Structure formats: C-alpha cells, structure tokens
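Each chain is listed here by its residues.
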Amino acid sequence: MNPELHLCIAGALQIALALLHIAFPRRFHWKEELARLSPLNRQIFLVHTFFICLVLVMIGSLSLLAPSALLEPTRLSRLVLGGFSVFWGLRLLCQWFVYDPALWRGQTVNTVVHVLSTLLWLYLTAVYLGVLLSLG
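From a predicted model like this one, the values you see are computed outputs, not experimental measurements. (Residues numbered from 1 in each chain as written. Predicted model: local features only at pLDDT ≥ 70, side-chain atom pairs only at ≥ 80, totals over all residues. Heavy atoms only, no water.)

Trainee: Any chance you could break down the layout of surface pockets for me, citing the residues and the numbers?
Mentor: Its boundaries defined by the atoms lining it, the largest pocket holds a volume of some 1200 Å³. Every residue lining the largest pocket is counted, 29 residues in all, and those nearest its centre are Phe 24, Phe 28, Arg 91, Tyr 99 and Val 113. Broken down by class, the residue content of the lining of the largest pocket amounts to 21 nonpolar, six polar and two charged. (1 Å grid on protein atoms, 1.4 Å probe; cavity = no way out; pocket = protein on both sides within 12 Å on 5 of 7 lines; lining within 4 Å. Points joined across faces, edges and corners; volume = space filled by probe spheres on them. Nonpolar A, V, L, I, M, F, W, Y, C, P; charged D, E, K, R; others polar.)

Printed below as a string of structure tokens:
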C-alpha cells in the first residue's frame, strides 16, 4: 500500500462526493420534499447539507494536497487520522444499520448505489485507519 497515493485518492473521492451533492436536490426532489417541512427544519436541513459538503471538501483537500503532513507521526496527525477513521467508520455503519433496506432492495439503481456507497465508506475508513496504524 502506498499510503500517500491512497490519501490522495481518498481526498479526490471526498471532493468528488461533495460536488456530487450539486445533483442531489434534483435527483431527490428536494424542492417538493422540503416544501413540506417547517421553515426552521428546511433551513436546518439546507445548512447541515452545506456544512457536510464543506467538511468533505476540507477533509478531501487536506488528504489530497497535504498527505505528507498526515503521514508524519505526530500527535496531531494521529488525532486527525483517528477522527477521519471514526467519521467514515460510522458512516459505513449508518449505511447498513440506519437506512431501511427497503429503500434499495429489489431496486437495481438503488442497490448499485448502496453497494458502491458501502465500498466507498469502507475504502475511506480503511485508508485513514491503515495510515493511522502504520504510524505506530
């Protein structure tokens, strides 16, 4: 495993995921769905979505543009890698234990997205945890 390469790939994937959110409102009919919410809940949803994208870009940028900093065996790099590992590990668990399987089972496109998402969360968790463990 080339840790620097995998950190760069992980970074690029996270930035791509943030950009993919641009298509979410249309794909998931957010205009119609969010119209049913109270203004407060709608605004919370939109603000949280924005900040999730911002976090993805920030994590992705750090991983893509400064992988060597994450590979230095410092307290800070261990804390950052540990945090990223927990973040993506929990996201992986949510994929299987929070989302209702009825949302994807028997639906080809949703099943493919579910499997690809699982692989992405698994890869990101493995990269950050693998680098963390390699630092000793």
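Trainee: Which residues make up the packing of helix 1 (residues 3–20) against helix 7 (residues 108–134), and what values do they have?
Mentor: Two elements in contact, helix 1 and helix 7, have axes whose closest approach is 10 Å; the angle formed by their N-to-C orientations is 140°. The pairing of helix 1 with helix 7 is recorded here as oblique in orientation. Regarding helix 1 and helix 7, the two cross each other, and that crossing is left-handed. Along its contact with helix 1, which presents Pro 3, His 6, Leu 7, Ile 9, Ala 10, Leu 13, Gln 14 and Leu 17, the element helix 7 presents Leu 120, Trp 121, Tyr 123, Leu 124, Val 127, Tyr 128 and Val 131. Residues that form the contact of helix 1 with helix 7 fall into these classes: 13 nonpolar, two polar and no charged. (Axes fitted to C-alpha atoms, helices over the stretch in contact; angles between N-to-C directions. Helix = DSSP H or I, 4+ residues; strand = E, 2+ residues; numbered from the N terminus. Parallel < 35°, antiparallel > 145°, perpendicular 65-115°, else oblique. Left-handed = near helix turned anticlockwise from the far one by under 90°. Contact = heavy atoms within 4.5 Å.)

Trainee: Can you tell me about helix 4 (residues 39–65), naming the residues and giving the values?
Mentor: Between its terminal C-alpha atoms helix 4 stretches 38 Å, which fits the 39 Å expected from 27 residues at 1.5 Å a residue. Packing partners of the buried residues in helix 4 comprise helix 1, helix 3 (30–35), helix 5 (67–71), helix 6 (75–97) and helix 7. (Expected span 1.5 Å × (residues − 1).)

Trainee: Quick one: what's the story with the pattern of salt bridges, residue by residue and with numbers?
Mentor: A side chain with one charge may pair with a side chain of the opposite charge, provided their charged atoms come close. In this structure the tally under the stated criterion is one salt bridge. A salt bridge links Glu 33 to Arg 36; the shortest N-O distance between them is 3.1 Å. On the basis of relative accessibility, which here comes to 63%, the residue Arg 36 falls in the exposed class. (Salt bridge = Lys/Arg side-chain N within 4 Å of Asp/Glu carboxyl O. Buried < 20%, exposed > 50% of the residue type's maximum accessible area, 1.4 Å probe, protein only.)

Trainee: Before we move on, can you summarise a nonpolar patch on the surface with the specific residues and values?
Mentor: On the surface, a nonpolar cluster with roughly 490 Å² of combined accessible area is contributed by Val 47, Phe 50, Phe 51, Leu 54 and Met 58. With respect to the helices and strands, Phe 50 occurs in helix 4. (Patch = residues over 30% accessible without salt bridge, like charges linked within 9 Å, V, L, I, M, F, W, Y side chains within 5 Å. Areas by Shrake-Rupley, 256 points an atom, 1.4 Å probe, with all protein chains shown as cover.)

Trainee: Before we move on, can you summarise helix 1 with the specific residues and values?
Mentor: With 18 residues, helix 1 should cover 26 Å at 1.5 Å per step; its first-to-last C-alpha distance of 25 Å lies within 8% of that length. Listed as buried for helix 1 are Leu 7, Ala 10, Gly 11, Gln 14, Leu 17 and Ala 18. Across the axial projection of helix 1, the buried residues extend over an arc of 125°, all falling on one side. Close packing links the buried residues of helix 1 with helix 4, helix 5, helix 6 and helix 7. Residue Asn 2 occupies the N-cap position of helix 1, its side-chain oxygen lying 3.2 Å from the main-chain nitrogen of Glu 4. (Arc of directions from axis to C-beta. Polar contact = N/O pair within 3.5 Å; in protein donor to acceptor, adjacent residues only side chain to side chain.)

Trainee: Would you mind going over the packing of aromatic side chains in detail, with residue names and values included?
Mentor: As enumerated under the stated definition, the model contains eight aromatic pairs in all. Taken together, a centroid distance of 5.1 Å and an interplanar angle of 75° make the contact between Phe 84 and Tyr 128 edge-to-face. Taken as a pair, Phe 84 in helix 6 and Tyr 128 in helix 7 lie far apart in primary sequence, 44 residues in all. In this structure, Phe 84 and Tyr 128 share a single accessibility class: buried. (Phe/Tyr/Trp six-rings, centres within 6.5 Å; stacked < 30°, edge-to-face > 60°.)

Trainee: Tell me about the environment of Val 57, and name the residues and values.
Mentor: Considering the arrangement of structural elements, one finds Val 57 in helix 4. On a C-alpha basis, the gap between Val 57 and Ile 44 in space is 20 Å, while along the polypeptide they are 13 residues apart. Those residues in contact with Val 57 that sit more than four places away from it in its chain are Ile 15 and Ala 18.

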